[in-house]
Amino acid sequence: MSQSADTVTIASLPSGSVRRRWRLDPHRLVVGGVFVVLALPLVVTLGYALAGHWGASLLPDSLTLKWFLELWTTPRFQAAFVRSLLVAVGALSLSLVLILPVAFLAQTRYPRLDSWMNGLILMPFAVPPVVSSVGLLQLYAGGPLPLVGTPWILIPTYFTIVLPFMYRAIANSLRAIDVVSLMDAARLLGAGPLQAFFLVVLPNIRVGVQIAIFLSFSFLVGEFVFANLLVGTRFETLQVYLNNMRGASGHFTSALVVTLFAFTLVLTWLGNRQSGQDLAKESAS
């Protein structure tokens, strides 16, 4: 019965619409081609990480999880993984503590501060990381604050990397909710400035803050120049560990690259999923 109904429905459609349905969309072809070009190196890297031996043949001779098990059971990798997480969490915490009040004040009390911040957030793109690293080495290699070679120099340095993404995402969220009107309404209802900020403004920009955190975290996990020049092997992060292991087995380094990509992909997916759920709840309410 359903098959005959589908036949009648398709037969009732104009022939031009049927041809249009089956016609190849050039936009989809372009997007699909770009996706294939971007995904092909990762697929090959994953295949090499799973290959027991890959000689002159087009496909690997055997598949194994040996290299992933060897990577995940290596104490040096585990230590580098924990160090990267600690530095990233420290930098993101510092960024929220400093950027959130500045963005709030720029949108409510001091509008001229927003124009100053718009110029300041361009500085990380204008100054190359190598130049910044040389300046930090000369400034903190000695003197009263010898921070070079310690993780304490990475946290404020990473703050400068995530400054553009954090500030722009938070400022756009504050501008979208009309924070001035929200603060005025909260104060008319008897709330103090801090109470209005934490109970009214902050829940409304939660999605923007989450997007800023996950976007910034993806950049910090892949950062190499500052970590290698400022601390190096004295505080080995994931990217420094990957650079130091480049002379090891290609299967082992491929497993490391795939693990880093999978970790970043999972965190990004979780952030997008959480943001989507929050947006759906807000629209439903």
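Residues numbered from 1 in each chain as written. Predicted model: local features only at pLDDT ≥ 70, side-chain atom pairs only at ≥ 80, totals over all residues. Heavy atoms only, no water.

With respect to the overall build of the chain
- A tally of regular secondary structure across the chain gives 15 helices and two strands.
- Here the chain holds 285 residues, and the buried ones make up 31% of them.
- In the chain, once contacts between residues fewer than 6 apart in sequence are set aside, the share between residues at least 24 apart is 71%.
- Taken as a whole, the chain presents about 17,400 Å² of accessible surface, with 70% of it coming from carbon and sulfur. (Helix = DSSP H or I, 4+ residues; strand = E, 2+ residues; numbered from the N terminus. Buried < 20%, exposed > 50% of the residue type's maximum accessible area, 1.4 Å probe, protein only. Contact = heavy atoms within 4.5 Å. Areas by Shrake-Rupley, 256 points an atom, 1.4 Å probe, with all protein chains shown as cover.)

Re empty space enclosed by the protein
- In total, this model carries one cavity of 30 Å³ or more according to the counting rule given.
- By volume, the largest cavity is sized at about 70 Å³.
- What lines the largest cavity is S84, V87, A88, Y158, L220, V221, E223, T237, L238 and Q239.
- Those elements that provide at least two residues to the lining of the largest cavity are α5 (75-108), α12 (206-221) and α14 (238-244).
- For the lining of the largest cavity, the per-class residue count stands at six nonpolar, three polar and one charged. (1 Å grid on protein atoms, 1.4 Å probe; cavity = no way out; pocket = protein on both sides within 12 Å on 5 of 7 lines; lining within 4 Å. Points joined across faces, edges and corners; volume = space filled by probe spheres on them. Nonpolar A, V, L, I, M, F, W, Y, C, P; charged D, E, K, R; others polar.)

A short note on α5
- A rise of 1.5 Å per residue sets the reference length of α5, with its 34 residues, at 50 Å; its end C-alpha atoms lie 49 Å apart and thus fit the reference within 8%.
- Its maximal kink placed at I99, α5 deviates by approximately 25 degrees, while the proline P101 follows within four residues. (Expected span 1.5 Å × (residues − 1). Bend = angle between axes of the 7 residues up to and from the residue.)

A word on the packing of aromatic side chains
- Evaluated as defined, the whole model comprises nine aromatic pairs.
- Their ring planes at 50 degrees and their centres at 5.5 Å tell us that F68 and W72 sit as a pair that is tilted. Residue F68 and its partner W72 are both found in helix α4 (residues 66-72); the two are separated by four residues, about one turn of the helix.
- Ring pairing ties together the aromatic residues F77, F81, F217, Y241 and F263, which thus form one cluster.
- Here the guanidinium or amino end of R83 rests over the ring plane of F235, the centre of that ring lying 5.7 Å away. (Phe/Tyr/Trp six-rings, centres within 6.5 Å; stacked < 30°, edge-to-face > 60°. Lys NZ or Arg CZ within 6 Å of the ring centre and 35° of its normal.)

Observations concerning the side chain of S173
- Within the secondary structure, S173 sits in helix α9 (residues 154-176).
- Within the structure, the side chain of S173 is placed 3.0 Å from the backbone oxygen of A169, a separation counted as a polar contact.
- Apart from residues lying up to four places away in sequence, S173 is in contact with I205 and G208. (Polar contact = N/O pair within 3.5 Å; in protein donor to acceptor, adjacent residues only side chain to side chain.)

What about the packing of α5 against helix α10 (residues 179-188)?
- Here α5 crosses α10 at 90 degrees, and the two axes come no closer than 9 Å. As summarised for this structure, α5 and α10 are arranged roughly perpendicular, according to the angle between their axes. Every residue of α10 that contacts α5 at F104, Q107 and T108 is listed here: V179, V180 and M183. (Axes fitted to C-alpha atoms, helices over the stretch in contact; angles between N-to-C directions. Parallel < 35°, antiparallel > 145°, perpendicular 65-115°, else oblique.)

A look at the nonpolar core
- Residues L154, Y158, Y167 and L174 are the most contacted members of the largest nonpolar core, which totals 45 residues.
- Of all the secondary-structure elements, those providing two or more residues to this core are α5, α9, α10, α11 (193-204), α12 and α13 (225-230).
- Residues within four places of L174 in sequence aside, it is in contact with A103, F104, Q107, V179, V201 and I205. (Core = buried A, V, L, I, M, F, W, Y, C linked by side-chain atoms within 4.5 Å.)

Description of a nonpolar patch on the surface
- Side chains of V30, V34 and L38 sit close together on the surface and give an oily, nonpolar patch of about 300 Å² of accessible area.
- Along the polypeptide, V30 turns up in helix α3 (residues 26-50). (Patch = residues over 30% accessible without salt bridge, like charges linked within 9 Å, V, L, I, M, F, W, Y side chains within 5 Å. Salt bridge = Lys/Arg side-chain N within 4 Å of Asp/Glu carboxyl O.)

What about the environment of A255?
- Looking at the secondary structure, you find A255 in helix α15 (residues 250-284).
- Spatially, the C-alpha atoms of A255 and K66 are 9.6 Å apart, while their sequence positions differ by 189 residues.

What about the pattern of salt bridges?
- Under the definition given, this model contains two salt bridges.
- Residues R76 and E236 are paired through a salt bridge, measuring 2.7 Å at the closest nitrogen-oxygen approach. Placement of the pair is R76 in helix α5 and E236 in the loop between α13 and α14, with a sequence separation of 160 residues.
- Classification of R76 by relative accessible area gives partly exposed; the value is 38%.
- Taking the shortest distance from any N to any O, the salt bridge between R175 and D114 comes out at 3.6 Å. Taken as a pair, R175 in helix α9 and D114 in helix α6 (residues 111-120) lie far apart in primary sequence, 61 residues in all.
- Look at R175 and you get partly exposed, because its relative accessible area is 43%.
- Here D114 falls in the buried class, since its relative accessible area comes to 13%.

Scope: geometric values only; no functional claims are made or implied.
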